[in-house]
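The lines below spell out each chain.
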Amino acid sequence: MMEPAGRKDEPFHAAERKPMKCPSQENPYLFTYKNSNYQSRFLQPHGQSEVREGTEIRCPDKDPSDMIPTSVHRLKPADIKVIGALGDSLTAGNGAGSRVGAILDVLTQYRGLSWSCGGDQNISTVTTLANILREFNPSLKGFSVGTGKETTSGAFLNQAVAGAKSEDLAVQARRLVDLMKNDTRIHFQEDWKIITLFIGGNDLCDSCNDPVHHSPQNFTANIRKALDILHAEVPRAFVNLVKALEIINLRELYLENKVSCPRLILRSLCPCVLKFDDNSTELASLVEINRKYQEGTHELIESGRYDTRDDFTVVVQPFFEKVEMPKTSEGLPDSSFFAPDCFHFSSKAHARAASALWKNMLQPVGQKTTRHNFEDKVNVTCPNQVWPYLSTYKNNMEGLGTWLPCRDRKPSASPPASVHALRPADIQVVAALGDTLTAGNGIGSKPDDLTDVTTQYRGLSYSSGGDGSLENVTTLPNILREFNRNLIGYAVGTGDADADNAFFNQAVPGAKAEELVRQVQSLVQRIKDDHRVNFREDWKVITVMIGASDLCDHCTDSNLYSAANFFDHLRNALDILHTEVPRALVNLVDFMDPIVMRQVFLGNPDQCPVRQASLLCNCVLSLRDNSQELGRLEAFTRAYKDSMRELIESGRYDTREDFSVVLQPFFLNIQLPTLEDGRPDISFFAPDCIHPNQKFHSQLSRALWANMLEPLGRKTDTLDLTADIPLACPTQEEPFLRTPKNSNYTYPTKPAAENWGSDFLCTEWTPSPGVPTTVHKLRPADIKVVAALGDSLTTAVGARPGNSSHLLTSWRGLSWSIGGDGALETHTTLPNILKKFNPSILGFSTGVWAETAGLNVAVEGARARDMPDQARDLVERMKQSPEIDLEKDWKLVTLFIGGSDLCHFCENPEDHSAEEYFLHIQQALDILYKELPRAFVNVVEVMDLAGLHQGHGGKCAMPLTAQSNCSCLKHFQNSLAMQELKKVNWNLQSGMSRFSYLHQYTQREDFAVVVQPFLRNTLVPLNERGNMDLTFFSEDCVHLSERGHAEMAIALWNNMLEPVGQKTTSNNFTYSRAKLKCPSPDSPFFYTLRNSRLLPDQSEAFNWLYWALPTVAIGGLVLGILTVTVWKRVRQRENSPTGQSTARF
């Protein structure tokens, strides 16, 4: 009563004893509003509205990206189509539009004025993030309008809740996701979204009442839960995480008596900030918690937890981190920035916050404003024309540009017809092939962010990146763009080779030379499909670098990674370019010497991940100094580089006037920068100390450009990473990119091409006049259903290269006996052959998924003992199929088993007897015989496993993955052990042939079992250099490649058209499109025992065969028993104490 209105003490404390005040001489009265000269806010005129701040945006570029970006790191403001927000009353807009003095109106949520999501009116009158973005995209959706709670329709995607704390964010995130998914106006998968999350004020205001509940750890965990929901469920999203504001400054407003504020209400809203004295421990604790809130959220985001996808990121926007109380011209806290309660923001503060947020979004990470001056007028920054993207952790740019001094940047007077008269400005398309280095792994990674090395910064890649411009990013495309602004094909942003923004950079991380062909095929198709490219007329520069990944694995299989194979793979890839791509100059760049990589990596053990050396590049980083293995690595490196020169200098690719391949040798020798202590300078490398960073790539770009302008014979073959490499200019005398011809080089030619398709030249394709009732009159066109039983060779494991050498894919659609992918012209399989006779055939497999396996019941790792179960499964599938008429449709079933039995024979020979092998197969055949009418069953003999993988001097040295799949191959250098395996192998083959002659399978007219022996004498396929041709095998060197499956299909088909007793027992691994046999006009049927005239016309012969074949099989079983005995002795000898002692020694 003794205090004037507006300056009265706040709530009474029972424990606090205060002296009684006395009336003063100046103010001897009890205070009222009038004698306090205080005008109540309730009594102030309510016609005066809160002043709202608009602005104007005059940005020159308000256009979206040319194509909808696939990377969040390549996102322009106009690409944003949806906006949303999460938070508390500061985002809900409480009091933002309240009239001066209307304190009860603070309960109103003016969401349309909210700084992060409001969409009232437009930018000229209301400044919000949504209204800023609407200037770039007028069709923006999600912003809130008017007033109301989060449940009202006007709130839309502003799901902030008044009074919310961090623990409530997960519920808000869940509701926001559901709203976006269920809104028909939003294309949830395709539309780019911006979501702003701001929380923490209420947590801080209540932190002193329950410090544990409101601890920084819990605060960060609550934010993590909400962000995890967004990360897991929302595609194409840019999330702003605005740091908790520095709330301590609210005390200035509270303590300044000259500013009229409802202190009782203010103190009740935020007691933990306002009720303690200055310099109190409680206040110091609050400041510390506030700081830890900010640091915890920052650490959460910088952990990279939300940068695992290319279409999602969370960026910390720190403009509230060190916010200061805005002041009036008199130096007092400016209450015009606050709602009538002096706690929430007025529309003026919302406008300034929106401007600050927008500015933060465009500032590079590490250079963002942390102390925004709210007294500054609203000023909306325009995106940088050179770098017009929202800033993320991964697109942070450094000043690594270059100046190009060239004055003459004109193209030729008319498009040149010759590659030898090609000027830089004539280039219209740029492309690149290669491995991790060209894909850009780790170029933009922070020095301490090892996990980010998996990010492919293609836009910064030396040979194909197009991020920024030459002013700040030095790459070959950015140099060429100085000559031709309409250059096409360069990559931008981050992502893998399949991403749209990769364009013509088709390099694949970890790619080896054998994968280069696939990259070339993908590149050629992309160029052909791009409507901007005139494939025949436009000049193209394609840069190829390959070989480092091969050397990283060369010690695992020296034959697989031999220089000869490297030569073959590189030649095959360049041959395709040479054959298919007109008007192209191909740069073949030397790969980085692995010894250099080794020096950097091992020279900095405290900064490089040396414990992961075996994972990163085992055959380079794990070798001992001065070891024989290291000498071998150096020899391999020389052989690789020599083979590149041999290939190019043969002149093979200079046979056309519009095509040339030029070896650019600048990477041949590298001068590593060193520190004062002699250690290599890792500032040129990504955090793994292996991949070059942007600093390194800038030098690569400059060196490549210099090489391209240097004539052959005078090209620089040394790269000094610290040198100032100026960008050279074409001269009037030598204005062309240099080739062998315009450098006075001449070479011989030797074109080559390969194709793995199959032609079918048969003229008799018709089925039988009527559906045959006997299997001995069965034509190919009569087959209605195909099926298969077996193991991984029938599921087609590894038929195509996979992403991991430890987990090969089952390409069932390519399986030799049951695959139905594509057509015979592209994929040779038994069903694709049969489709030529009957396009409506059923049962074949497609793709890689179990759901499209059809009647392929084979299982990876299956053995003979599994065949009865597979037979039952097959019968059940046929019975359940509504498309199959079990009684009337003719079925072709192929059973192939034994590889896994042989592979595991060495583990325990007594458990792998030939007798049990035959018994299991017979049980399966009995099931098929009993359950399937109208069936022709192929039983394919097991291949000669030992001969295939040990033959020809062991040219296929098994990698560990293959040995784990086939333990017997661990003993392939043990001649005695392999001899025993060969005997068992032969035993199974010879005994298998009896199934064609078993009496019980000849009793029905509509059923036959025929053994197909084309694998009995398996021959090792050789390439033109006389080495084992590994193109027939998968990556693990055990399973078959697509080419191998094609050969199997051809051999099986041909066996089926050969009479029993006259069938081919070996396979000719030489490619030809015309190897498929045709049904004989005289006998157009699949051959069985009877139509081979072995039954019943030659009954005497049959009787002999009936008894002779089982006798041979029994003899084989006896031999098998002897084999087991010998094998056990071998194992006992290997496991003897002497052997163990030797192993330890």
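All values derive from a computational prediction rather than experimental measurement.

Scoring rules and cut-offs
Residues numbered from 1 in each chain as written. Predicted model: local features only at pLDDT ≥ 70, side-chain atom pairs only at ≥ 80, totals over all residues. Heavy atoms only, no water. Helix = DSSP H or I, 4+ residues; strand = E, 2+ residues; numbered from the N terminus. Buried < 20%, exposed > 50% of the residue type's maximum accessible area, 1.4 Å probe, protein only. Expected span 1.5 Å × (residues − 1). Arc of directions from axis to C-beta. Disulfide = S-S within 2.5 Å. Salt bridge = Lys/Arg side-chain N within 4 Å of Asp/Glu carboxyl O. Pairing = 2+ DSSP bridges. Axes fitted to C-alpha atoms, helices over the stretch in contact; angles between N-to-C directions. Contact = heavy atoms within 4.5 Å. Lys, Arg positive; Asp, Glu negative; His and termini not counted. Polar contact = N/O pair within 3.5 Å; in protein donor to acceptor, adjacent residues only side chain to side chain. Parallel < 35°, antiparallel > 145°, perpendicular 65-115°, else oblique. Left-handed = near helix turned anticlockwise from the far one by under 90°. Nonpolar A, V, L, I, M, F, W, Y, C, P; charged D, E, K, R; others polar.

K.L.:
Quick question: what am I supposed to make of the overall build of the protein here?
P.N.:
Per the secondary structure count, the protein includes 31 helices and 14 strands. For the protein, the proportion of its 1145 residues judged to be buried stands at 60%.

K.L.:
Before we go on, may I ask you to explain helix α3 (residues 169-182) in this structure?
P.N.:
In an α-helix there are 3.6 residues to a turn, and that puts residues three or four apart on one side. With 14 residues, α3 ought to run about 20 Å at 1.5 Å a step, and its terminal C-alpha atoms sit 20 Å apart, in line with that. All of the buried residues along α3 are Leu 169, Gln 172, Ala 173, Leu 176, Val 177 and Met 180. When α3 is viewed along its axis, its buried side chains cluster within an angular range of 135° and face the same direction. Set apart from the buried face of α3 by more than 90 degrees, the exposed residues are Val 171 and Asn 182.

K.L.:
Before we go on, may I ask you to explain the state of the cysteines in this structure?
P.N.:
Covalent bonding between the sulfur atoms of two cysteines defines a disulfide. Scanning all chains against the criterion turns up seven disulfides. The side chain of Cys 205 participates in a disulfide bridge whose partner is Cys 270; the two sulfur atoms lie 1.9 Å from each other. Here Cys 205 and Cys 270 share a disulfide; its torsion about the S-S bond, -90°, makes the bridge left-handed. In this pair, Cys 205 is assigned in helix α4 (residues 201-205) and Cys 270 in the loop between α7 (263-269) and α8 (271-274), connecting sequence segments 65 residues apart. We classify Cys 205 as buried; its relative accessible area is 2%. Disulfide pairing places Cys 208 opposite Cys 272 at an S-S distance of 1.9 Å. One disulfide, between Cys 208 and Cys 272, carries an S-S torsion of -80° and so falls in the left-handed class. Of this pair, Cys 208 sits in the loop between α4 and α5 (216-233) while Cys 272 sits in helix α8; the two residues are 64 residues apart in sequence, bridging distant segments of the chain. Judged by relative accessible area, Cys 208 falls into the partly exposed class, the value being 30%. Residue Cys 272 is classed as buried on the basis of its relative accessible area, which comes to 1%.

K.L.:
What's the story with the pattern of salt bridges in this structure? I'm lost.
P.N.:
Opposite charge on two side chains lets them pair, provided their charged atoms get close. For the structure shown, the criterion picks out 52 salt bridges. Close ionic contact of Glu 252 with Lys 327 constitutes a salt bridge, the shortest N to O distance being 3.2 Å. Of the two residues, Glu 252 is situated in helix α6 (residues 250-255) and Lys 327 in the loop between β4 (312-317) and α10 (347-362); the sequence distance between them amounts to 75 residues. According to the relative accessible area criterion, Glu 252 is partly exposed, its value standing at 32%. We classify Lys 327 as partly exposed; its relative accessible area is 31%. Lys 446 is the partner of Glu 302 in a salt bridge, and the nearest nitrogen-oxygen pair spans 3.5 Å. Separated by 144 residues along the polypeptide, Glu 302 in helix α9 (residues 281-302) and Lys 446 in the loop between α11 (436-439) and α12 (476-481) bring together distant segments of the chain. The exposure class of Glu 302 is partly exposed, given its relative accessible area of 41%. On the basis of relative accessibility, which here comes to 29%, the residue Lys 446 falls in the partly exposed class. It is possible to trace a salt-bridge network through shared partners that takes in Arg 174, Asp 178, Lys 181 and Glu 233.

K.L.:
Hey, could you run me through unusual backbone geometry in this one?
P.N.:
Keep in mind that most residues, glycine aside, have a negative phi and that most peptide bonds are trans. You will see that Arg 236, though not glycine, has its phi angle at about 50°, which is positive. In this structure, Arg 236 sits in the loop between α5 and β3 (237-242). The residue Cys 689 is not glycine, and still its phi comes out positive at about 65°. Mapped onto the elements, Cys 689 comes out in the loop between β9 (669-671) and α19 (694-709). By relative accessible area, Cys 689 is classed as buried at 1%.

K.L.:
Teacher, can you tell me more about the sheet that holds strand β13 (residues 935-940) here?
P.N.:
In a beta sheet, neighbouring strands are held together by backbone hydrogen bonds and run either parallel or antiparallel to one another. In space, the four strands of this open sheet follow the order β11-β12-β13-β14, with parallel pairing throughout. Because the sheet does not close on itself, it has two edges, and the strands there are β11 (783-790) and β14 (1007-1012). For this sheet, the mean inter-axis angle between neighbouring strands, taken without regard to orientation, is 20°. Sheet topology places β11 next to strand β12 (residues 890-896); seven bridges connect them, and they run parallel. Bridge pairing in β12 places Ala 787 opposite Val 893. Running over the sheet, helix α24 (residues 914-931) touches β12, β13 and β14 and is turned about 150° from β14.

K.L.:
What should I look at first to understand the pairing of β4 in this one?
P.N.:
Side-chain positions along a regular strand alternate between the two faces of the sheet. Taking burial as the measure, the six residues of β4 include six buried ones, the bulk of the element. As defined by bridge partners, β3 adjoins β4 across six bridges and the pair is classed as parallel. Across the sheet, Ala 237 pairs through a bridge with Phe 312, a residue of β4.

K.L.:
Can you walk me through the sheet that holds β3 in this structure?
P.N.:
Read across the sheet, four strands follow the order β1-β2-β3-β4 without closing on themselves; strand pairing throughout is parallel. Unpaired on one side and paired on the other, β1 (80-87) and β4 mark the two borders of the sheet. Across the sheet, the mean angle separating the axes of adjacent strands is 20° when strand polarity is ignored. Together, β3 and β4 form the strand contacts of α9, whose direction differs from that of β4 by roughly 150°.

K.L.:
Please clarify how the side chain of Glu 710 should be interpreted in this entry.
P.N.:
Looking at the secondary structure, you find Glu 710 in the loop between α19 and β10 (718-720). Among buried charged residues, Glu 710 stands out as having no salt bridge; its nearest opposite-charge side chain is Lys 715, 5.6 Å away. Of the polar contacts made by the side chain of Glu 710, one reaches the side chain of Asn 707; its length is 2.9 Å. Among the polar contacts listed, one links the side chain of Glu 710 to the backbone nitrogen of Thr 716, at a separation of 2.8 Å.

K.L.:
Would you take a moment to explain the packing of helix α16 (residues 594-602) against helix α17 (residues 613-621) for this structure?
P.N.:
If you want to describe how two helices pack, look at the angle between their axes and the distance between the axes. Running from amino to carboxyl end, α16 crosses α17 at an angle of 130°, the nearest separation of the two axes being 10 Å. Looking at the two axes, α16 sits oblique to α17. Here α16 and α17 pass one another in a crossing that is left-handed. Residues Pro 594, Met 597, Arg 598, Phe 601 and Leu 602 of α16 form the contact with α17, whose participating residues are Ala 613, Leu 616, Cys 617, Val 620 and Leu 621.

K.L.:
Would you mind showing me how to read the packing of helix α22 (residues 867-880) against α24 here?
P.N.:
Look at α22 against α24: their axes get within 7 Å of each other, and the N-to-C directions meet at 20°. Between α22 and α24, the angle falls in the class roughly parallel. Classified by chirality, the crossing of α24 by α22 is right-handed. Here α22 contributes Met 867, Pro 868, Ala 871, Arg 872, Leu 874, Val 875 and Lys 879 to the contact with α24, which in turn contributes His 920, Gln 923, Ala 924, Ile 927, Leu 928 and Glu 931. Taken together, the residues of the contact of α22 with α24 break down into eight nonpolar, two polar and three charged.

Purely geometric numbers; function is a separate question.
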